[in-house]
Amino acid sequence: MKRTFVVMKKRIKRVLVNLALMGGIGLLVGVSVFLHEWFKPKRSIVREEPAYVLTTAELLGDFLSDPVSAEAKYFDKVLQTSGTVSAKEVDAYQNVNLIFSIDGGEIQVSFLGDFNEDAAAVTEGDPVELKGNYTGYYVDDIFGTQVKLNNGYILN
Amino acid sequence: MKNRFVKVLSFLALSLVATAFVPLQDDAVYVTRTGHVRFFSHTAIEDIEAHSHQVSSSLNTGTGELAFVLLMKSFEFEKAKMQEDFNTDYLETDEFPKSTFKGRITNLSAIDFSRNGTYTADVTGDLMIHGVTNTISTTATLIVGDDVIKGSSSIKVKLADYNVSGPSIAGGSIAEVIDVDIDVTYKPKES
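Residue numbers run consecutively from 1 along every chain, following the written order of its sequence. To read the labels, note that chains go from A and ligands from 1, taken in the order they are written. This being a predicted model, a pLDDT of at least 70 is required before a residue's local features are given, and a value of 80 or more before pairs of side-chain atoms are given or counted; all residues contribute to the totals for chains, interfaces and linings. For side-chain calculations, the full set of non-hydrogen atoms in the structure is used, while hydrogens and water are omitted.

Q: Quick one: what's the story with the sheet that holds strand β1 (residues 52-55) of chain A, residue by residue and with numbers?
A: Residues and elements named next belong to chain A. Following DSSP output, two strands are said to pair if at least two bridges run between them. In this text, helices come from DSSP runs of H or I with a minimum length of four residues, and strands from runs of E with a minimum of two, each type numbered from the N-terminal end. The sheet built from seven strands is open, its strands ordered β1-β2-β6-β7-β5-β4-β3 with mixed pairing. Strands at the two margins of the open sheet, each flanked by one partner only, are β1 and β3 (87-90). Along the sheet, successive strands turn relative to each other by an average axial angle of 35°, direction set aside. Judged from the four bridges that link them, β3 and strand β4 (residues 96-102) form a sheet pairing that is antiparallel. Across the sheet, glutamate 89 pairs through a bridge with asparagine 97, a residue of β4. Relative to strand β6 (residues 127-140), helix α3 (residues 67-74) is tilted by about 130°, and along the sheet it contacts β1, β2 (78-84) and β6. Here the axes come from fitting lines to C-alpha atoms, over the contacting stretch only for helices, and the angles between their N-to-C directions go from 0 to 180 degrees. In what follows, residue pairs with any heavy atoms lying within 4.5 Å of each other are defined as contacts.

Q: Describe the pattern of salt bridges, naming the residues involved and giving the relevant values.
A: Here a salt bridge means any side-chain nitrogen of Lys or Arg lying within 4 Å of a carboxyl oxygen belonging to Asp or Glu. Inspection of the entire model under this criterion finds eleven salt bridges over all chains. For arginine 33 of chain B, the salt bridge identified is with glutamate 106 of chain A, shortest N-O distance 2.6 Å. On the criterion of chain membership, the pair formed by arginine 33 of chain B in strand β1 (residues 29-42) and glutamate 106 of chain A in strand β5 (residues 105-110) is interchain, its members lying in two chains. Taken as a pair, arginine 33 of chain B and glutamate 106 of chain A share a single burial class, namely buried. We note a salt bridge from lysine 156 of chain B to aspartate 179 of chain B, for which the minimum N-O separation is 2.5 Å. Taken together, the residues span a long stretch of sequence, with lysine 156 of chain B in strand β8 (residues 148-158) and aspartate 179 of chain B in strand β9 (residues 177-188) at a distance of 23 residues. With a 1.4 Å probe rolled over the protein chains alone, any residue whose accessible area is under 20% of its type maximum counts as buried; one over 50% counts as exposed, and the rest are partly exposed. The exposure class of aspartate 179 of chain B is partly exposed, given its relative accessible area of 25%. It is possible to trace a salt-bridge network through shared partners that takes in Glu89 and Glu106 of chain A together with Arg33 of chain B.

Q: How would you sum up unusual backbone geometry? Please name residues and give values.
A: One can expect most non-glycine residues to show negative phi and most peptide bonds to be in trans. In this structure, asparagine 151 of chain A takes a positive phi of about 55° despite not being glycine. Tracing the backbone through its elements, the reader meets asparagine 151 of chain A in strand β7 (residues 144-154). In this structure asparagine 151 of chain A comes out as buried when scored by relative accessible area, which is 18%. Despite not being glycine, aspartate 147 of chain B shows a phi value in the positive range, around 55°. Tracing the backbone through its elements, the reader meets aspartate 147 of chain B in the loop between β7 (132-145) and β8. Aspartate 147 of chain B gets classed as exposed once you look at its relative accessible area, which sits at 58%.

Q: Describe the pairing of strand β6 (residues 117-129) of chain B, listing the residues and the values that go with them.
A: Residues and elements named next belong to chain B. The sheet contact formed by strand β5 (residues 98-105) and β6 spans six bridges and is antiparallel. When the bridges of β6 are listed, threonine 100 appears paired with methionine 128. Where β6 and β7 come together, 13 bridges link them in antiparallel fashion. Within β7, the position partnered with threonine 118 by the bridge is isoleucine 143.

Q: Requested: an account of the interface of chain B and chain A, with residues and values cited.
A: Of the residues lining the interface, 32 residues belong to chain B; the matching set on chain A comes to 31 residues. Of the roughly 2700 Å² buried where chain B meets chain A, counting both sides, 57% is carbon and sulfur surface. When the buried surface of chain B facing chain A is broken down by residue, Arg33, Gln54 and Lys73 of chain B rank first, second and third, together holding 27% of it. Any N or O atom pair separated by 3.5 Å or less is treated as a polar contact, with the protein-specific requirement of one donor-capable and one acceptor-capable atom, and with residues adjacent in sequence counted only for side-chain atom pairs. Taken together, the connections running from chain B to chain A amount to 18 residue pairs in polar contact (both at pLDDT 80 or more). Secondary structure elements with two or more residues in the side of chain B that touches chain A: β1, β2 (47-60), β3 (65-71), β4 (76-77), α2 (80-90) and β9 of chain B. In terms of residue count, the dominant contributor to the side of chain B that touches chain A is β1 of chain B (six residues). Here the side of chain B that touches chain A is built from residues that sort into nine nonpolar, eleven polar and twelve charged. As a working definition, buried area equals the accessible area (1.4 Å probe) given up by two parts on being put together, with both sides summed. Three classes are used: nonpolar for Ala, Val, Leu, Ile, Met, Phe, Trp, Tyr, Cys and Pro, charged for Asp, Glu, Lys and Arg, and polar for all others, with Gly counted as polar.

Pasting the structure below:
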């Protein structure tokens, strides 16, 4: 009887130790996953391979002919595009925006942070090749079809 | 007597026709494609802030009509995880990629767009976020300068009013009411 009790006690102890170990490992994994997710680096347009390489005329042309399909095709993608700069605008926060105007609309590429330095050197009429992530489009009476890229990065 | 009457009528008619073809000095469209919107969520657990610098907007100084288009994907957050959650779990930006505001200045007579100065505009219109439209009213500060109008306003957005919900709102790490600050610098629309 006494022996059975000792064996039972040992078994319970072993189960408790195992449970504590599993809980500890689970907690460690959970915290690691949380920290990994929480501190994961932001998307890098510089490092990310472009999903499409095309001219600004081809890009805008897609939106002029079938905006719904173009939106689905390019949504959240990194694009590499080239064209001649029609205008440059600097906003109130000193962020540079390059505009590529084509009949019926325009493409706006916005630069943020350190990437403004390269964009600031660009002038109207310059041929430019750049990368940026597609953020969306819309159509109105004032601007026509507007296609926007963010986080611009000059390649040439 | 009859001749005089005809002359007066003719003069009035000519004056009306002439007036119709003279553009109102103040009736102009001002635009921007680089407006800024900041949203800020404050709770005891954490603060969340995001900025978009790609807001397109137009202001018709003759009619007081105002329009804004904001592409939700253009919001930049401090942390990648916040940006990801914002786009996928809360605002569902693939399904609802734009927010818009269409409204007008309701106290237009109190603003002299031909004279430089600072004015307070009362604004009412329809705000669409996450596919849900609500009518809102707010005030905006307009600073009229030479060929430039600067506008700014702050609004509070109750997320539940726009069907935005999620565990972090219920859990208290995202505020139920978000502060949204808008500032734009308009320039005359090139014809």
